[in-house]
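# Geometric and topological summary
The chain contents come next:
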Amino acid sequence: MKTLTVRPYQPSDCEAVHRIAADTAFFGAPIERYLDDRRLFTDYFYAYYTDYEPEHSWVAVDSETGEVAGFLTGCVDTQRKEEVQRRQVTPAVLRRLLRGHYRLGIKTFRYLNRLFWSDRRREWPEVDLSSHPAHLHINLCEAYRGMGAGRMLMQCYLSQLRELGVPGVHLGTTDQNKAACRLYEKTGFQLLGERPTRVWEGIIAEPVRYRVYGMILVG
Ligand SMILES: CC(C)(COP(=O)(O)OP(=O)(O)OC[C@H]1O[C@@H](n2cnc3c(N)ncnc32)[C@H](O)[C@@H]1OP(=O)(O)O)[C@@H](O)C(=O)NCCC(=O)NCCS
């Protein structure tokens, strides 16, 4: 039987983390369901964690083979991340886009269009960043789910945040990420907000609700 251990992220894990992020981005399945080129997703959504704040990420590895089975990417200061995203990450992606680096097709245009309108409709519940400044993303390869790695990754990150004196942490998901919601509730997160979203309209049949969970760590 496979066993997993958790250790801090190191730069040589970058490719595996980006691959798993793209392989699990569509409700635990590959991103190609709604995007033509996974590099656009990993460059835009994951470069920050691996390139600008790697010290707050963790990986679960297969104890026998050393293969990366999943990750938790963390950020202790969401406002700082938004600043780096605006000043560095987004311009780098736009430069690559203009140089024709990414494959763009109808799936991508439809997704960006839905994302734009979702943002305009303010479908994402707001978070008080003064009480919950940190956030995280967590994903495991399909073959390694349900083995306790999600819980272990979460415990390592939450202990790290407590040691750093970070007051609180939040994360975003949807009501359709059933295992994820269960993990968050079992590890002590509370639902801070929930709103219906049309961002997956035409892609999945069920109505989807965005959820934001949070946890206060001090006091
Ligand atoms: C969500 C995810 C990170 C959870 O990690 P995991 O290693 O599979 O979860 P664990 O084995 O640590 O289980 C943690 C808790 O969640 C519950 N859980 C795990 N898988 C579940 C499932 N499929 N259905 C219901 N509950 C589940 C377990 O009951 C467990 O609680 P317990 O220890 O009290 O029994 C992982 O399943 C995953 O990557 N899923 C796909 C991608 C995804 O949805 N990521 C989150 C995006 S917001």
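Residues numbered from 1 in each chain as written. Predicted model: local features only at pLDDT ≥ 70, side-chain atom pairs only at ≥ 80, totals over all residues.

### Topic: the packing of helix α1 (residues 14-23) against helix α2 (residues 38-52)
Between two packed helices, the angle of one axis relative to the other and the distance separating the axes together describe the packing. To keep it simple, the criterion reads: Think of each axis as a best-fit line through the C-alpha atoms, taken over the contacting stretch in the case of a helix, with angles from 0 to 180 degrees between the N-to-C directions. The numbering of helices and of strands both runs from the N terminus, where a helix is a DSSP run of H or I of at least 4 residues and a strand a run of E of at least 2. Under this scheme an angle from 65 to 115 degrees is roughly perpendicular, one under 35 degrees roughly parallel, and one over 145 degrees roughly antiparallel; angles in between are oblique. For a crossing to be left-handed, the near helix must be turned anticlockwise from the far one by less than a right angle; the clockwise case is right-handed. The contact rule is simple: place each C-beta atom from the backbone, and if two of them lie within 7 Å, those residues are in contact. Three residue categories are used. Nonpolar comprises Ala, Val, Leu, Ile, Met, Phe, Trp, Tyr, Cys and Pro, charged comprises Asp, Glu, Lys and Arg, and polar comprises the others, including Gly.
Two numbers describe how α1 lies on α2: the axes approach to 10 Å, and their chain directions differ by 125°. Between α1 and α2, the crossing angle belongs to the class labelled oblique. For α1 against α2, the interelement crossing comes out right-handed. Here Cys14, Val17, His18, Ala21 and Ala22 of α1 come into contact with α2, specifically with Arg38, Phe41, Thr42, Tyr46 and Thr50. Here the residues of the contact of α1 with α2 are counted per class, giving 6 nonpolar, 3 polar and 1 charged.

### A short note on the site of the ligand
Quick reminder of the rule: To decide nearness, the C-beta atom of each residue is placed from the backbone, and the residue is near a molecule or strand if that atom lies within 6 Å of it.
The local shell around the ligand holds 20 residues, among which Gly28, Arg145, Gly150, Thr173 and Ala179 are the closest. Of all the secondary-structure elements, those providing two or more residues to the shell around the ligand are β4 (134-140), α5 (149-164) and α6 (178-186). Counting residues per element, the shell around the ligand draws most heavily on α6, which supplies 6 residues. Within the shell around the ligand, the residues separate by chemical class into 7 nonpolar, 8 polar and 5 charged.

### Quick notes on the environment of Leu164
Tracing the chain through its elements places Leu164 in helix α5. In sequence terms Leu164 and Val76 are 88 residues apart; their C-alpha atoms lie 9.0 Å from each other.

### Re the environment of Val218
By secondary structure assignment, the location of Val218 is in the segment after β7 (208-216). Separated by 51 residues in sequence, Val218 and Pro167 have C-alpha atoms that sit 5.2 Å apart. For Val218, the residues in contact, after removing those within four places along its chain, are Gly165 and Pro167.

### Overview of the sheet that holds strand β2 (residues 58-62)
Definition in use: By the convention used here, strands pair only if DSSP detects at least 2 bridges between them.
The strand order across the open sheet built from 7 strands is β1-β2-β3-β4-β5-β7-β6, with neighbouring strands paired in mixed fashion. Only two strands of the sheet have a single neighbouring strand rather than two, namely β1 (4-8) and β6 (190-197). Between one strand and the next, the sheet's axes are offset by a mean angle of 20°, whatever the strand orientation. Of the pairings in the sheet, the one linking strand β5 (residues 168-174) to β7 comprises 7 bridges and is antiparallel in character. Within the sheet, the bridge partner assigned to His170 lies in β7 and is Gly214.

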